Protein chains: 2
Amino acid sequence: MGVFSRTCEYAMRAVFFIAHRTPDGSRVGIKDISEGIDSPAHFLAKILQDLSRRGIINSAKGPNGGFYMTEENLSRPLSDVVEAIDGVQIFKGCALGLKQCSVKNPCPLHHEFKAIRNDLTKLLNGTSIKSFNEDLLNGMTSLKK
Amino acid sequence: MGVFSRTCEYAMRAVFFIAHRTPDGSRVGIKDISEGIDSPAHFLAKILQDLSRRGIINSAKGPNGGFYMTEENLSRPLSDVVEAIDGVQIFKGCALGLKQCSVKNPCPLHHEFKAIRNDLTKLLNGTSIKSFNEDLLNGMTSLKK
DNA sequence: ACAATTAAAGAGTTTTATATCTTTAATAAA
DNA sequence: TTTATTAAAGATATAAAACTCTTTAATTGT
Ligand code: FES
Ligand code: FES
């Protein structure tokens, strides 16, 4: 596995896809999303249920229903998605799995690792979903393959 | 989970522990190691078997047997351990799980993520186990708690 | 040769992550 | 009010990761 769990990868791709497809307040269904990001539909449905419950995305049932994102949703950082799925270990945890990452009891990687972890935090916490989405709308970035 | 799998965390801690305890060519047993790094002994045994088969560490059976590391072992980069356990995804994989991370079909995170991933690669690939170990021998860093 | 010690190997079990399938509830439109 | 459409919820199923236990093989020292 990479840096994030597979579930988290699906979640991030889906969020970008929804953002990309509902700039206007329209909705997009689970089928379209799962095809658009190449993920198992039913599994993704579970993930989106979760994100929806947490208020990271929105959903509506019934005809013309589906998932969508409000301005409020779009302005949140991507780290909200990551934290919802994978938790905070990625942002706070020790590289070697010590119970507490701290400068008082640092592992051999601590100093350098902390810098890298901070960069990752800055990237995910400091950038709104919307701004990642701009490149996507420009067709400059991709969510599939 | 953090950046690395739990198995990989144990592996890295164990490697540092062995390096720390066998500077002279002596050996250290699985019991000592697992207690020293706070990991399940039998599970760690499996992990060390694997590292030993791959030549990342060495082992000897029988009385006064145990695990140890040669100069050659110590001079290898920590990335060897990570690759042996977790594979190369962490060094090469796309943040969003696209099949290929490439500048031709970049995901929305690609540019910034790649920089971070490269820093991590540089840290693990560019530093020998021995040099991480120096701080440990000085008592400046820790492997437990 | 024998007994003790140690890792290697093999064979599980348990837990967590990933994935699928079915049923229910909500909504909209006819 | 009925039907169609959609997500939510529930119930499993499968696979992978994490962990445990037992047996075997190698080595050393007596
Ligand atoms: S203590 Fe290990 S990264 Fe901080
Ligand atoms: S394509 Fe996603 S990180 Fe490179």
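For every chain, the first residue of the written sequence is number 1, and numbering continues from 1 along that sequence. By the order in which they are written, chains take letters starting at A while ligands take numbers starting at 1. pLDDT decides what is reported in this predicted model: residues at 70 or higher carry local features, side-chain atom pairs at 80 or more are listed and counted, and totals for whole chains, interfaces and linings draw on all residues regardless. Excluded from the side-chain calculations are hydrogens and water; all other atoms, namely the structure's heavy atoms, are used.

A. Spatial organisation of the side chain of R117 of chain A. Secondary structure is summarised from DSSP: a helix means a run of H or I of at least four residues, a strand means a run of E of at least two, and numbering begins at the N terminus for each. Its location among the elements puts R117 of chain A in helix α7 (residues 110–126). No salt bridge is formed by the buried R117 of chain A, whose closest oppositely charged neighbour, E9 of chain B, lies at an N-O distance of 10 Å. Of note is the side chain of R117 of chain A, whose polar atom sits 3.1 Å from the backbone oxygen of K92 of chain A. By the criterion applied in these results, polar contacts are pairs of N or O atoms within 3.5 Å in which, for protein atoms, one can donate a hydrogen and the other can accept it, and in which residues neighboring in sequence qualify only through two side-chain atoms. A distance of 2.7 Å separates the side chain of R117 of chain A from the backbone oxygen of G93 of chain A, its partner in a polar contact. Should any heavy atoms of two residues lie within 4.5 Å, those residues are counted as being in contact. When neighbours within four sequence positions are excluded, R117 of chain A is seen to be in contact with I90, F91, K92, G93, C94 and C101 of chain A. Only protein chains enter the accessibility calculation, which uses a 1.4 Å probe; a residue is then buried when its area is under 20% of its type maximum, exposed when over 50%, and partly exposed in between. Positive: Lys, Arg. Negative: Asp, Glu. His and the chain ends are not part of the count. Between Lys or Arg on one side and Asp or Glu on the other, a salt bridge is scored when a side-chain nitrogen of the former is within 4 Å of a carboxyl oxygen of the latter.

B. Spotlight on the protein's contact with DNA strand C. A single heavy atom is enough: if one lies within 4 Å of a molecule or strand, its residue is considered near that molecule or strand. Inspection of the region around DNA strand C gives 26 residues, with T7, H42 and P63 of chain A together with K46 and S59 of chain B positioned closest. Backbone atoms, meaning sugar and phosphate, form 58% of the atoms of DNA strand C found within 4 Å of the protein. I30 of chain B places a main-chain nitrogen or oxygen 3.1 Å from a phosphate oxygen of DNA strand C. Contact distances for DNA strand C include 2.7 Å between a base nitrogen and a side-chain N or O atom of K46 of chain B. For the surface near DNA strand C, the secondary-structure elements that each account for two or more residues are α1 (6–21) and α3 (41–53) of chain A together with α3 (41–53), β1 (58–60) and β2 (66–68) of chain B. Counting residues per element, the surface near DNA strand C draws most heavily on α3 of chain B, which supplies 4 residues. Split into classes, the residues belonging to the surface near DNA strand C amount to 9 nonpolar, 11 polar and 6 charged. Residue polarity is assigned by list, with Asp, Glu, Lys and Arg as charged and Ala, Val, Leu, Ile, Met, Phe, Trp, Tyr, Cys and Pro as nonpolar; anything else, Gly included, falls into the polar class.

C. Fine view of the relation of the copies chain B and chain A. Superposing chain B onto chain A takes a rotation of 180° combined with a translation of 0.0 Å along the rotation axis, leaving an RMSD of 0.0 Å. Accordingly, the operation relating the two chain copies is best matched by a two-fold axis. Distance from the rotation axis, computed per C-alpha, reaches its smallest value in chain B at V3 of chain B: 2.6 Å. Interface residue correspondence from chain B to chain A reaches 100%, placing this contact among same-surface, isologous pairings. Copy-to-copy alignment: least squares on C-alpha atoms, limited to residues at pLDDT 70 or above in both.

D. Summary view of the packing of helix α1 (residues 6–21) of chain B against helix α2 (residues 30–37) of chain B. Residues and elements named next belong to chain B. With their axes 9 Å apart at the nearest point, α1 and α2 run at an angle of 115° to one another. With respect to the hand of their crossing, α1 and α2 are arranged in right-handed fashion. In this structure, α1 uses Y10, R13, A14, F17, I18 and R21 to contact α2, whose residues at the interface are D32, I33, G36 and I37. Looking at side-chain class alone, the contact of α1 with α2 contains 6 nonpolar, 1 polar and 3 charged residues. Where helices are involved, their axes are fitted lines through C-alpha atoms of the stretch in contact, as for all axes, and angles between N-to-C directions lie from 0 to 180°. Throughout, a crossing is termed right-handed when the near helix is turned clockwise from the far one, and left-handed when it is turned anticlockwise from it by less than a right angle.

E. Here's a closer look at the protein's contact with DNA strand D. Near DNA strand D there are 24 residues, and of these G29, K46 and S59 of chain A together with T7 and P63 of chain B occur at the shortest range. Counting only atoms of DNA strand D within 4 Å of the protein, the fraction found in sugar and phosphate groups is 57%. Within the side chain of K46 of chain A, an N or O atom sits 2.7 Å from a base nitrogen of DNA strand D. Here a phosphate oxygen of DNA strand D sits 2.5 Å away from a polar atom, N or O, in the side chain of T7 of chain B. Listed by contribution, the elements that provide at least two residues to the surface near DNA strand D are α3, β1 (58–60) and β2 (66–68) of chain A together with α1 and α3 of chain B. Looking at the surface near DNA strand D, the element that brings in the most residues is α3 of chain A, giving 4 residues. Residues of the surface near DNA strand D, tallied by class, amount to 9 nonpolar, 10 polar and 5 charged.

Shape descriptors only; they carry no functional weight alone.
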